[in-house]
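The lines below spell out each chain.
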Amino acid sequence: MTRFISQIFFAVRKVFQTKSYFLIFFVLATALFLSLIAIPLFTIPGNSIAFQLKIFTAQSYLLMSFLSVLAGLNLAISWYGFKQKKRIDNTSQSVATGTISTIAGIFGAVVST
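Residues numbered from 1 in each chain as written. Predicted model: local features only at pLDDT ≥ 70, side-chain atom pairs only at ≥ 80, totals over all residues. Heavy atoms only, no water.

### Notes on the nonpolar core
- Counting 15 residues, the largest nonpolar core has Val 12, Val 15, Tyr 21, Phe 25, Leu 73 and Ile 77 as the members making the most contacts within it.
- Those elements that provide at least two residues to this core are α1 (2–15), α2 (19–43), α4 (58–87) and α5 (91–112). (Core = buried A, V, L, I, M, F, W, Y, C linked by side-chain atoms within 4.5 Å. Buried < 20%, exposed > 50% of the residue type's maximum accessible area, 1.4 Å probe, protein only. Helix = DSSP H or I, 4+ residues; strand = E, 2+ residues; numbered from the N terminus.)

The structure is reproduced here in structure tokens:
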């Protein structure tokens, strides 16, 4: 289990070494958070932004923030892995990058549900 967690932290550090991937993560996490607020706003008839923000509790905001961060991190790591896979010629490095991306994706999907 500790090896799994250390691989995730390694992947996060590796991806965030580049500022553009951190920007991608931040934009995606923010967009996902806003979409979690906007989906019920637009799908429930008669719902307003003031009412929607009023019915959310602190726990709701915390959970939505956590899920948005995990999903944004998952997408940023997957994007990094996809870009690296194109540039890497060595098969063993490609497999390692793909494995880390897959593990991060599975972890994000499990935690998000």
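### Looking at the side chain of Asn 47
- By secondary structure assignment, the location of Asn 47 is in the loop between α2 and α3 (49–55).
- The buried category is assigned to Asn 47, whose relative accessible area is 15%.
- One polar contact links the side chain of Asn 47 to the main-chain carbonyl oxygen of Pro 40, over a distance of 3.2 Å.
- Residues in contact with Asn 47, not counting those within four places in the same chain, are Pro 40, Leu 41 and Gln 52. (Polar contact = N/O pair within 3.5 Å; in protein donor to acceptor, adjacent residues only side chain to side chain. Contact = heavy atoms within 4.5 Å.)

### Let's talk about the side chain of Ser 68
- Its place among the elements puts Ser 68 in helix α4.
- For Ser 68, the contacting residues outside a window of four places in its chain are Ala 29, Leu 32, Phe 33 and Leu 36.

### Side note on the packing of aromatic side chains
- Applying the stated rule across the entire model yields five aromatic pairs.
- For the ring pair Phe 16 and Phe 25, a centre distance of 5.2 Å and an interplane angle of 50° mean the geometry is tilted.
- By relative accessible area, which is 27% here, Phe 16 ends up partly exposed.
- Of the residues examined, Phe 25 reaches a relative accessible area of 11% and is grouped as buried.
- Ring centres of Tyr 21 and Tyr 80 lie 5.3 Å apart, and the angle between their planes is 80°; on these two criteria the pair is classed as edge-to-face. Here the residue Tyr 21 occupies a position in helix α2, and Tyr 80 occupies one in helix α4, the gap between them amounting to 59 residues.
- On the accessibility criterion, Tyr 21 (11% relative accessible area) is buried.
- A network of ring pairs unites the aromatic residues Phe 16, Phe 22 and Phe 25 as a single cluster. (Phe/Tyr/Trp six-rings, centres within 6.5 Å; stacked < 30°, edge-to-face > 60°.)

### Points about the confidence of the model for the chain
- Residues at a pLDDT of 70 or more form 79% of the chain, whose mean pLDDT is 81.
- Averaged pLDDT values for the elements of the chain fall to 65 in α5 and rise to 90 in α2. (pLDDT = per-residue confidence, 0-100.)

### Observations concerning α1
- Counted at 1.5 Å a residue, the expected span for α1 with its 14 residues is 20 Å, and the 20 Å between its end C-alpha atoms agrees.
- Regarding α1, the residues found buried are Ile 8, Ala 11, Val 12 and Val 15. Here the buried residues of α1 occupy an arc of 100° about the axis, which is enough to place them on one side. Along α1, exposed side chains directed more than 90 degrees from the buried face belong to Thr 2, Arg 3, Phe 9 and Arg 13. (Expected span 1.5 Å × (residues − 1). Arc of directions from axis to C-beta.)

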